[in-house]
Structures are given as structure tokens and as C-alpha cells.
Amino acid sequence: MTKANNFQRIRELNYLQKAVLASALIERMLPNYGLFSEATGFGDETLLRNSLNVCWEKILLPKSKIDLEKQVEKIEPNVPELADFDMFGTYPAIDAATSLLSLMHGLMAQDEQEFISVSKISQATVARFIEYQMTVEGEIADNTAVREHPLMQYEIEVLGELIDFVENMGRITSDSVKALKKFALEDGQTNIGLSL
């Protein structure tokens, strides 16, 4: 699957499918935040975890009285500032928190673009990680090298498989969502290949 195909396929999903796909991708990104938080003592992974659970609930029960605005207010102070930390892990942590905020804004405004952003952020996290690794190893990280890197190929493949899963889910129920979450985390690693 080429990258363009994946994004084209995402655009063709319906609103709920886009929302669950974005949530599944965040499941893969969230542990990056946890590792950063553990290393720096900044932020609260549990808070982000709970907010993501609330989003899943909102997707399953759209009429529920869940206050996502309140969740956004909790998350915003937990987004690390790049200038405050001198470590690469800050980037994936920011991306995880930003993706979660995109998901919440998308659910509040019923704006599918926000859901599409999540898959772009996830891929950008992977690209940045590859560039960082290659630079450390003294290699040249041009677009082709990044695109052809096994980790990026894997990210594209996983995204394709998640899209397949979502397309075949049928009705979005708590059981199908449970299965999707399990599938998203089946390989036991985050989007940048860190073990869960």
C-alpha cells in the first residue's frame, strides 16, 4: 500500500470509522507519552489514558453527556513544551497529546479533518524518529531514505491493516471496539517501535 492510498482510503471512511481509526492510532502513540513522562517526571499518562477512554465512550454513546471540553482543559497543561526538555522523547510525547486533542476537537465539532490529522501526526512521529536515528548514526535522512525505512514501511502497513479492520467492522459496538483496540496493540509496540 502506498501512503497516498492509505490517506485516500481514510477519506472514504464514514465519520464513525474515521473516529475509531484515529482512536486506535492514539492507542499506539500513548505509551510514547508514558515513557517520556516516566523519564522526565512531567505530565500524567493516566490522565491521557482516561481521556482516551472517554473518547471511546463518546464514540460508542454519542448522545451521552460526556463533557469533552473538560477533558481538553485537563490535557492542555500536560502537553510538554519542546523548549523545556532536551531529549528526543519530547516529540513523540507532544504528538501523542496533540493527537488526543485533535480527536477530542473532532468529536466536539464533528469535524472529520481532525480525525484524519491523527494518522498524519502518527506518520510524522515515525518520520521524525527515523530522521533522528539516522542522524545519530551519521546517515543522510532524505525523504526516500525515510520512506523506505523498515519502520516507516511498517507504520504504513499497520495503518493499512487498521483501515482494513475498520472497513470490515460493520456496526461499531463495544465488542467491535474492544477487538479493534486489541488488534491495534497486538504487535506489542508503539508506532515508533518501542515495546509496550
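Everything in this summary refers to the structure shown in the same document. (Residues numbered from 1 in each chain as written. Predicted model: local features only at pLDDT ≥ 70, side-chain atom pairs only at ≥ 80, totals over all residues. Heavy atoms only, no water.)

## Overview of the overall build of the protein
Each helix and strand in the protein was counted, giving nine helices and zero strands. The linear arrangement of helices and strands in the protein, starting from the amino end, is α-α-α-α-α-α-α-α-α. In summary, the protein has a C-alpha radius of gyration of 16 Å against a globular reference of 16 Å for 196 residues, a match within 12%. Counting only C-alpha atoms and orienting by the principal axes, one finds that the protein spans roughly 50 × 40 × 25 Å. Within the span of the protein, comprising 196 residues, buried residues form 46% of the whole. At a minimum sequence separation of 6, the contacts of the protein that also span at least 24 residues come to 69%. Of the accessible surface of the protein, which amounts to about 9700 Å², a share of 50% is contributed by carbon and sulfur atoms. Here the protein contributes 18 positive and 30 negative side-chain charges, whose respective centroids are spaced 9 Å apart. (Helix = DSSP H or I, 4+ residues; strand = E, 2+ residues; numbered from the N terminus. Rg over C-alpha atoms; globule rule 2.2 N^0.38 Å. Buried < 20%, exposed > 50% of the residue type's maximum accessible area, 1.4 Å probe, protein only. Contact = heavy atoms within 4.5 Å. Areas by Shrake-Rupley, 256 points an atom, 1.4 Å probe, with all protein chains shown as cover. Lys, Arg positive; Asp, Glu negative; His and termini not counted. Charge placed at Lys NZ, Arg CZ, Asp CG, Glu CD.)

## A word on helix H6 (residues 112-136)
With 25 residues, H6 ought to run about 36 Å at 1.5 Å a step, and its terminal C-alpha atoms sit 37 Å apart, in line with that. The backbone nitrogen of Gln113 lies 2.9 Å from a side-chain oxygen of the residue at the head of H6, namely Asp111. Remark: Gly138 follows H6 within two positions and exhibits a positive phi of approximately 75 degrees. (Expected span 1.5 Å × (residues − 1). Polar contact = N/O pair within 3.5 Å; in protein donor to acceptor, adjacent residues only side chain to side chain.)

## Thoughts on the packing of aromatic side chains
Inspection of every chain in the model, using the stated rule, returns nine aromatic pairs. On the basis of an interplanar angle of 15 degrees and a centroid distance of 4.3 Å, the ring pair of Phe88 and Tyr132 is categorised as stacked. Separated by 44 residues along the polypeptide, Phe88 in the loop between helix H4 (68-75) and helix H5 (90-109) and Tyr132 in helix H6 bring together distant segments of the chain. Residue Tyr132 is classed as partly exposed on the basis of its relative accessible area of 40%. Through a chain of ring-to-ring contacts, the aromatic side chains of Tyr33, Phe36, Phe42 and Phe85 assemble into a single cluster. For Lys120, the ring lying beneath its charged end belongs to Phe7, and the centroid distance is 5.7 Å. (Phe/Tyr/Trp six-rings, centres within 6.5 Å; stacked < 30°, edge-to-face > 60°. Lys NZ or Arg CZ within 6 Å of the ring centre and 35° of its normal.)

## Here we look at unusual backbone geometry
A positive phi angle is found at Gln110, which is not glycine, with a value near 50 degrees. A residue is classified by how much of its surface remains accessible, and Gln110, at 59% relative accessible area, is exposed.

## Here we look at the environment of Lys63
Along the chain, Lys63 turns up in the loop between helix H3 (45-60) and H4. By relative accessible area, which is 76% here, Lys63 ends up exposed. Placed 16 residues apart in sequence, Lys63 and Leu47 show a C-alpha to C-alpha distance of 23 Å.

## So, the pattern of salt bridges
With the rule as written, the count across this model stands at seven salt bridges. Measuring nitrogen to oxygen at the nearest pair gives 3.2 Å for the salt bridge that ties Arg128 to Asp95. You can see Arg128 sitting in helix H6 and its partner Asp95 sitting in helix H5, a full 33 residues away along the chain. Residue class for Arg128 comes out partly exposed when judged on its relative accessible area of 29%. Classification of Asp95 by relative accessible area gives buried; the value is 10%. (Salt bridge = Lys/Arg side-chain N within 4 Å of Asp/Glu carboxyl O.)

## Re the packing of helix H2 (residues 15-40) against helix H8 (residues 150-167)
Orientation of H2 relative to H8, taken along the N-to-C sense of each, is 140 degrees, at an axis distance of 10 Å. With respect to H8, the element H2 is oriented oblique. The handedness of the crossing between H2 and H8 is right-handed. Here Gln17, Val20, Leu21, Ala24, Leu25 and Arg28 of H2 lie close against H8, whose contacting residues are Tyr154, Val158, Leu159, Leu162, Ile163, Val166 and Glu167. (Axes fitted to C-alpha atoms, helices over the stretch in contact; angles between N-to-C directions. Parallel < 35°, antiparallel > 145°, perpendicular 65-115°, else oblique. Left-handed = near helix turned anticlockwise from the far one by under 90°.)

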